[in-house]
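Structural characterization, general
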Amino acid sequence: MELFALIFGSIFISNIVLAQFLGICPFLGLSKDIKSAVGMGLSVMFVMIMSSSICWLVYTFLLVRFGLEYLKTIAFILTIAALVQLLEMFLKKNVPALYKAMGVYLPLITTNCAILGVALLNIQEDYNLIFTIANAFANSAGFTLALILMAGIRERLDDADLPDAMKGLPIVFFVASSMALAFVGFTGMI
Amino acid sequence: MKLGKEFTKGIIAENPLFVQVLGTCPSLAVTTSVNNALGMGVAFTAVLVCSNLVISLLRKAVPSDIRIPSYIVVIASFVTMIEMIMNAFAPALYASLGIFIPLIVVNCVILGRAEAFAGKNPALPSIADGLGMGVGYTLAIVAIASIREVLGAGTFLGISILGSAYQPALIMILPAGSFITMGFLFAGMNIYNRRKAMKKEVM
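Here the structure is a predicted model, which is why all the values come from computation and not from measurement. (Residues numbered from 1 in each chain as written. Chains lettered and ligands numbered in written order. Predicted model: local features only at pLDDT ≥ 70, side-chain atom pairs only at ≥ 80, totals over all residues. Heavy atoms only, no water.)

Let's talk about the overall build of chain B
Where we set the bar: Each helix corresponds to a stretch of at least 4 residues labelled H or I by DSSP, and each strand to a stretch of at least 2 residues labelled E; elements are numbered beginning at the N terminus. Throughout, radius of gyration means the C-alpha value; the globule benchmark is 2.2 Å times the number of residues raised to the power 0.38. Relative accessibility decides the category of a residue: with a 1.4 Å probe and only protein chains considered, values under 20% of the type maximum give buried, values over 50% give exposed, and everything between is partly exposed. Contacts between residues were defined by any pair of non-hydrogen atoms, one from each residue, lying within 4.5 Å. Computed with a 1.4 Å probe, the accessible areas rest on the Shrake-Rupley method; for each residue, only the protein chains presented here act as cover.
What chain B contains, in helices and strands, is 8 helices and 2 strands. Along chain B, from the amino end to the carboxyl end, the secondary structure elements read α-α-α-α-α-α-α-β-β-α. Compactness check: chain B gives a C-alpha radius of gyration of 18 Å against a globular reference of 17 Å for 203 residues, within 12% of the reference. Along the first, second and third principal axes, the C-alpha atoms of chain B reach 60 × 55 × 30 Å. Considering chain B as a whole, with its 203 residues, one finds that 49% of them fall into the buried category. Put simply, of all contacts in chain B between residues at least 6 apart along the chain, 75% involve residues at least 24 apart. Surface accessibility of chain B: about 9,500 Å² in total, with carbon and sulfur atoms responsible for 72%.

Next up, the structure:
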């Protein structure tokens, strides 16, 4: 039950993009069409679940053990960078189909603040491994949901007759603010 | 003379937030009050100046194949230092900025300056560049925070300026408010650029 509340809360109530403001760059940059939104969303899910669990293991079994907790920012960013690089090489060699779908998004993921942010939040909230994995899954699902919703809206915005000043980024921010308001409506469900 | 130019370009002509659209995450998240935005701006500028300096000193020693990981290590070290300093001397600010202090590591402005400027230029211009970009970024987030705090709470730096009759627009403090503020500011930028382009045509 607690696990369910965590997952539901992370997807809807404190959505990672619309309430916590992590991963705004890909949210603005890769939401032009649904196809790339789905690709980016799935890649982020895959990497976030792996990186969160590995960072949790690194923190618990290496940093805490040797009293190096203060190095967690450096340790985590290096872990994530190495993981993404390894993943890219592994997929390229062994699962070319998946590499074709995710390849272009993988390098972008290293500097996605959502990945590092969730890894750090898991430690800050003192989650155990199961909660860490659940939280990573829920946050990345929330990211994917927001990204795909935004891409769906933007595909229709292409045909809309907008004032010149609103074209491009400004209207995307206004759409995002309406989405954020709509998500506020989920507050109080748990 | 040239140093001055490196410094001023970051403030308006190449403003990291409004012109390059980099580092949007903290600009949305920490701008609920001017105080937070100032704190974030100072921390950000400190990290950027230090990392620019060290990266420019190391530029001949680091092989170009592994430059990105080494930049990240340099930046992450300075972020960790700033994090500890803030935790010790400004615990209230540290608590309210929360996760966004360690996340300066993945702020694309810093890595972007390392790659575009500090990795290719000597130490002094790199410091000027970092300082200019830092001040530009700070001004940008303080501008956003001023709009949000004045409209959303009726205060500026915690001091009431709109009087007790003002009914605060709570939405400006909510996440939605930051998106609205950014939307208007970027729309304003669009209009400004268009006017400038038209003036050039007439001339």
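A short note on the packing of helix α4 (residues 67-89) of chain B against helix α6 (residues 108-118) of chain B
Residues and elements named next belong to chain B. The following threshold applies: What counts as an axis is a line fitted to C-alpha atoms, over the stretch in contact for a helix, and the angles between N-to-C directions run from 0 to 180 degrees. Each angle gets one of four labels, with under 35 degrees taken as roughly parallel, over 145 as roughly antiparallel, 65 to 115 as roughly perpendicular, and the rest as oblique. For a crossing to be left-handed, the near helix must be turned anticlockwise from the far one by less than a right angle; the clockwise case is right-handed. As a working rule, the residues Ala, Val, Leu, Ile, Met, Phe, Trp, Tyr, Cys and Pro are called nonpolar, Asp, Glu, Lys and Arg charged, and the rest polar, with Gly in that last group.
Their axes nearest at 11 Å, the elements α4 and α6 cross at an angle of 130°. Relative to α6, the element α4 is oriented oblique. Here α4 and α6 pass one another in a crossing that is right-handed. Note on element contacts: α6 touches α4 through I110, L111, A114 and E115, opposite R67, I68, Y71, I72 and I75. Here the contact of α4 with α6 is composed, by residue class, of 7 nonpolar, no polar and 2 charged.

Details of the packing of aromatic side chains
All names here are of chain A. The cut-off we apply is this: What counts as a ring pair is set by centres within 6.5 Å for rings of Phe, Tyr and Trp (its six-membered ring), and what kind of pair is set by the plane angle: stacked under 30 degrees, edge-to-face over 60, tilted for all other angles.
Throughout the structure, instances matching the rule amount to 13 aromatic pairs over all chains. When the ring of F183 is compared with that of F186, the centres are 5.5 Å apart and the planes differ by 65°; the resulting orientation is edge-to-face. By relative accessible area, F183 is classed as buried at 9%. Here the aromatic cluster, defined as three or more aromatic residues joined through ring pairs, consists of F4, F8, F12, F183 and F186.

Quick notes on the domain arrangement of chain A
All names here are of chain A. Note the cut-off: Here the bounds of each domain stem from an automatic or database domain assignment. Put simply, buried area is the surface a 1.4 Å probe can reach on two separate parts but cannot reach once they are joined, added for both. Each reported salt bridge corresponds to a side-chain nitrogen of Lys or Arg within 4 Å of a carboxyl oxygen of Asp or Glu. As used in this structure description, the phrase polar contact means that two N or O atoms lie within 3.5 Å; if the pair is within protein, one of them must be able to donate a hydrogen and the other to accept it, and residues adjacent in sequence are counted only when both atoms belong to side chains.
Along its sequence, chain A is organised into domain 1 (29-152) and domain 2 (160-190). Together, the buried faces of domain 1 and domain 2 total about 320 Å²; carbon and sulfur atoms form 95% of this surface. Counting the contacts that link domain 1 with domain 2 gives 0 salt bridges. For the interface between domain 1 and domain 2, the tally reads 0 residue pairs in polar contact (both at pLDDT 80 or more).

A word on the pattern of salt bridges
Residues and elements named next belong to chain B. Under the defined criterion, the tally for this structure stands at 6 salt bridges over all chains. One salt bridge connects R67 with E115, and the closest N-O pair in it is separated by 2.8 Å. Taken together, the positions of R67 in helix α4 and E115 in helix α6 put the pair 48 residues apart, joining distant regions of the chain. By relative accessible area, which is 27% here, R67 ends up partly exposed.

Structural notes on the environment of B:L131
Within the secondary structure layout, B:L131 lies in helix α7 (residues 123-153). As for B:L131 and B:E6, which are separated by 125 residues in sequence, their C-alpha atoms are 9.0 Å apart.

Quick look at a nonpolar patch on the surface
Here is the rule we go by: Exposure above 30% relative accessible area and the absence of a salt bridge qualify a residue for a patch, where like charges join within 9 Å and nonpolar side chains (Val, Leu, Ile, Met, Phe, Trp, Tyr) within 5 Å.
On the surface, B:L38, B:F156, B:L157, B:I159, B:I161 and B:L162 cluster together into a nonpolar patch covering about 520 Å² of accessible area. By the secondary structure assignment, B:F156 is in strand β1 (residues 155-156).

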